[in-house]
Each structure stands twice: as C-alpha cells, then as structure tokens.
Amino acid sequence: GSMPYGIAIVKKQPLVKKIYGVEINPEAHEYAKENIAKNKVSHKFTLINDDVRNVCSTMERIDRI
C-alpha cells in the first residue's frame, strides 16, 4: 500500500530504472505517492491506481530483473 518494497529496491539497486506500482485502494495509492516523494525517488516510479488484473492485461511486456 505505501510502496515499501519498491522504495527499498530502488535505494539498494542503482541499476533499476523504473518501478511500476499498482494499488487498487485509493487511500493506499495516496500513501504510496506521499512515501516515494518523501524518499526522493519519485522519478523512478510510475504509480497506477487500479486493479492489477486490469493493468497487467494492457501493459506491454517489459524486461524484468
């Protein structure tokens, strides 16, 4: 909900260029936006407020580590 794993990954692994965070709960989505801003990593995140089942079916295939 507040993106703790994504923030930890970005801070520990400098090779990560972009993290996509999908949260269905609007309140948790707002907390995630606030948390990545406070941690100064907003430039590496794309946050999406939707159901992951909807998002994954529309996203292009991306390479993952």
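Use the structure listed above.
Sequence positions are assigned chain by chain, starting from 1 and proceeding in written order. Local features are withheld for residues below a pLDDT of 70 in this predicted model, meaning they are given only at 70 or higher, and side-chain atom pairs are given and counted only at 80 or more; totals for whole chains, interfaces and linings count all residues. Just so you know, side-chain values use all the structure's heavy atoms and leave hydrogens and water out.

**Details of helix α2 (residues 26-38)**
Thinking step 1. The terminal C-alpha atoms of α2 lie 19 Å apart, and with 13 residues this matches the ideal 18 Å at 1.5 Å per residue to within 8%.
Thinking step 2. Of all the residues in α2, the buried ones are Ala28, His29, Ala32 and Ile36. Projected down its long axis, α2 shows its buried positions confined to an angular sector of 105°, all on one face. Among the exposed residues of α2, those oriented more than 90 degrees off its buried face are Glu27 and Lys38.
Thinking step 3. Note on definitions: a residue-residue contact is assigned when non-hydrogen atoms from the two residues lie within 4.5 Å. The helix and strand labels rest on DSSP assignments: H or I over at least four residues marks a helix, E over at least two residues marks a strand, and numbering proceeds from the N terminus. Against α1 (4-12), β1 (19-23) and β2 (45-49) lie the buried residues of α2.
Thinking step 4. Capping the start of α2, Asn25 holds a side-chain oxygen 2.8 Å from the backbone nitrogen of Glu27, two or three residues further along.
Thinking step 5. Remark: Lys40 follows α2 within two positions and exhibits a positive phi of approximately 55°. Between the first and last residue of a helix there are one fewer steps than residues, each counted as 1.5 Å, and that sum is the expected span. The buried label applies to any residue whose accessible area, calculated with a 1.4 Å probe on protein chains only, is under 20% of its type's maximum; exposed applies above 50%, and partly exposed to all values in between. Taken from the helix axis, the directions to the C-beta atoms give the arc we talk about. In the analysis that follows, any N or O atom pair within 3.5 Å is treated as a polar contact, provided that within protein one partner can donate a hydrogen and the other can accept it, and provided that, for residues neighboring in sequence, both atoms belong to side chains.

**Description of α1**
Thinking step 1. For α1, the full list of buried residues reads Gly6, Ile7 and Val10. Down the axis of α1, the buried side of the element spans an arc of 100°, and every buried residue falls inside it. Opposite its buried face, α1 presents the exposed residues Tyr5 and Lys12, each directed more than 90 degrees away.
Thinking step 2. Among the structural elements, β1, α2 and β2 are those in contact with the buried residues of α1.

Taken by themselves, the reported measurements are silent on function.
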